[in-house]
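Observations on the model geometry
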Amino acid sequence: MIKFEKVNKIYPPNTVALDNVSFEIGPKEFVCLVGKSGAGKTTLLKLLMAEENPSSGKVFLGSQDVQAISHKHLPELRRKIGAIFQDYRLLPSKTAYENVAYAMEVIGASDQEIARDVADVLDIVGLKEKACNFPAQLSGGERQRVAIARALIHRPEVILADEPTGNLDPYNTLDIIRLLLKINEFGTTVVLSTHNKEAVNSLAKRAITLSEGKIIRDEKIGRFIL
Amino acid sequence: MITSFKRVFRFGWHGLTRDGGMMIANVFIMTMAVSVVTSLFLFGNISKFIISNVQEKVDVSVYFKYDATESDIMQAKKSIAELPEVEEITYVSKDQALEKFTAVHKDNPVLMESLAEVGINPFLASLGIRAAQASQYEAVVNYLENSNLNYLFEKIDYYQRKPVIDRIYALNASLNKVGLAISLIMILVAALVAFNAVRLSIYNSREEIKIQKLVGASNWFVRGPFLVQGAVCGFFAALISLLLFVLLTLGFNSQAGVLFPDLHLFSFFMSNFWMIFLVQLLTGVILGTFSSLVAVRRYLRV
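Keep in mind that what you see is a predicted model, and the values were worked out from it rather than measured. (Residues numbered from 1 in each chain as written. Chains lettered and ligands numbered in written order. Predicted model: local features only at pLDDT ≥ 70, side-chain atom pairs only at ≥ 80, totals over all residues.)

**Structural notes on the overall build of chain A**
If you tally the helices and strands in chain A, you get seven helices and ten strands. A compact globule built from 226 residues would reach a C-alpha radius of gyration of about 17 Å, and chain A, at 17 Å, matches this within 12%. Each of the three principal axes of chain A carries a C-alpha extent, and together these read 45 × 40 × 35 Å. Sequence separation of at least 24 residues holds for 66% of the intrachain contacts in chain A that already meet a minimum separation of 6. (Helix = DSSP H or I, 4+ residues; strand = E, 2+ residues; numbered from the N terminus. Rg over C-alpha atoms; globule rule 2.2 N^0.38 Å. Contact = placed C-beta atoms within 7 Å.)

Rendered as structure tokens:
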């Protein structure tokens, strides 16, 4: 499903973000990327979304070499991925409903499909009542749930969650982790980047630990050890 | 395809109505740009109108010898009228010249007494010749001086008027050149100001553009709403500018009439209403969409 092949990423002049990283993630897996800030977790996810290019090595999503995809065809790759960010990255001028609907609108879904699916997904994330609220009118936890709804509405093959609980209190953190597990149970591959020790330990899922751009541990049932 | 268009238009409209302050700022700056272009368009046309009006009042008069008969003069008139440069030719007989003089100077007893003292009509019959353009008078005069009718002419009143004619000709030519240069500079400045306003508002949306791209939107899906916003701002700027110029031309109608009696500013504006609105609309919409198109480009590289 996802494959990193001897990937190096060096930011000019000589900051090594990823150092000879290789690993594979199978379909329907739930994988935690663990590491301190600056370990290379976010860079890894950015390479997967073609937001950045590796200095050397290859990144595959399915059978596609991500960096070989032309700029014109990048939207097609990104539509296979649902992305969740620590800072939510919601569109501030759109309501919760419109933010979620946007992911379907870009793929050309019909208005009827959008009306049906968005209502369902907002119900799943518990925000049906706040569909007409703008992001500024929502709490941090609610914003993150809108971001999750947007990430899963178009049924992507993979969900990449970059520190989704970084700005949330423990109650909301647990809520978001539960949601991600539920999404994974439906068959979507989930890659969760986090430095939340409790979350990683309670999940008991595969954990890849990064330190200074290198993979130092890759365990089937991972523990948060740095 | 139609669904995508509908969505792009809806996003564009929402972007404007939900960020009213930015919309007002953009429309205001674009109104200024459209108004600059409208003023240049108006000044260009008004100056042409004034110059052609002045040109209409300039002519060359050919005075006939005292003993030239009316049939000689009519033959000369026919021959001169055949010249392609000649637009209009008017005959003033000796009696008409006297009548004109008397009408103008009837309140001047010295002149009237002098005229009575002479005893006869001292005025000469003349032809007033008007060329299509000021530059053509020289050719008309050359023809007259070298024609076989030359023996009939007492005087060709061109060299006295030549400086005036030349000045009008030079003024017309330099107005065209200077007007074009000023117009180009002003249009460039106005376009740059409007472009920067649009660029600034798109700069504020750069994070949103990035998010849209990461969610999987194509370049056109992201760019489209900004083009719609640019076009809508341009449309409103054209409407406001139109209203502004209706009021300005109405307000300055009488003042302009004092300076140029033949110029009726408001009627001139209204007679060119649709042309002016078209110029404003095209300026506004093209400026808005083009600015958006260029400004949004650099943020699409995600």
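**Here's the deal with the overall build of chain B**
A count of helical and extended segments in chain B gives twelve helices and four strands. By the compact-globule yardstick of 19 Å for 302 residues, chain B is too spread out, its C-alpha radius of gyration being 31 Å. For chain B, with 302 residues in total, the buried portion stands at 29%. Across chain B, every contact between residues at least 6 apart in sequence was considered, and the portion connecting residues at least 24 apart equals 86%. (Buried ≥ 20, exposed ≤ 12 C-beta atoms within 10 Å, placed from the backbone.)

**Description of the pairing of strand β2 (residues 15-25) of chain A**
Residue and element names in this part refer to chain A. Across seven bridges, the pairing between strand β1 (residues 2-11) and β2 is antiparallel. Directly across from V7, in β2, lies its bridge partner V21. Counting the residues between successive antiparallel strands, the hairpin from β1 to β2 contains three residues. (Pairing = 2+ DSSP bridges.)

**Quick look at the nonpolar core**
Counting residues in hydrophobic clusters, the biggest one holds 112 residues, and the most contacted among them are L48, V100, A149 and L160 of chain A. Here the element with the most residues in this core is helix α9 (residues 219-251) of chain B; it accounts for 13 residues. Discounting residues that sit within four places of it in the chain, L160 of chain A has contacts with L45, L48, M49, I81, A83 and V191 of chain A. The next biggest cluster of nonpolar side chains, apart from the first, holds 15 residues, and it includes V62, A131, L144 and Y158 of chain B. (Core = buried A, V, L, I, M, F, W, Y, C linked by C-beta atoms within 7 Å.)

**Digging into the interface of chain A and chain B**
Interface size is commonly expressed as the accessible area that is lost once the parts come together. Opposite the 15 residues of chain A that make contact, chain B presents 16 residues. Residue assignment for the side of chain A that touches chain B shows that the elements contributing at least two residues are α2 (74-78) and α3 (96-105) of chain A. Grouping the constituent residues of the side of chain A that touches chain B by class yields eight nonpolar, two polar and five charged. (Nonpolar A, V, L, I, M, F, W, Y, C, P; charged D, E, K, R; others polar.)

**Thoughts on the domain arrangement of chain B**
Here chain B is described as being made up of domain 1 (2-54 + 167-300) and domain 2 (59-159). For domain 1 of chain B and domain 2 of chain B, the distance between their C-alpha centres works out to 52 Å. (Domains from an automatic or database assignment.)

**Digging into the sheet that holds strand β10 (residues 214-219) of chain A**
All names here are of chain A. A sheet is described by the order of its strands in space; here six strands give the open sequence β6-β7-β8-β3-β9-β10, paired in mixed fashion. Pairing within the sheet leaves two strands with one partner each, and these edge strands are β6 (81-85) and β10. The mean angle between the axes of side-by-side strands here comes to 15°, regardless of whether they run parallel or antiparallel. As defined by bridge partners, strand β3 (residues 30-34) adjoins strand β8 (residues 189-194) across five bridges and the pair is classed as parallel. Directly across from V31, in β8, lies its bridge partner V191. Sheet strands in contact with helix α1 (residues 41-48) are β3, β7 (158-162), β8 and β9 (206-211), and its direction is about 150° off that of β7. Packing against the sheet, helix α5 (residues 140-152) makes contact with β6 and β7, and its axis sits at approximately 170° to β6. (Axes fitted to C-alpha atoms, helices over the stretch in contact; angles between N-to-C directions.)

**Considerations on the sheet that holds strand β4 (residues 56-61) of chain A**
Residue and element names in this part refer to chain A. In spatial order, the strands read β2-β1-β4-β5; together these four strands make up an open sheet with antiparallel pairing. Each edge of the open sheet is held by one strand with a lone partner, namely β2 and β5 (64-65). Helix-sheet contacts for α1 involve β1, β2 and β4, and the interaxial angle to β1 is about 115°.

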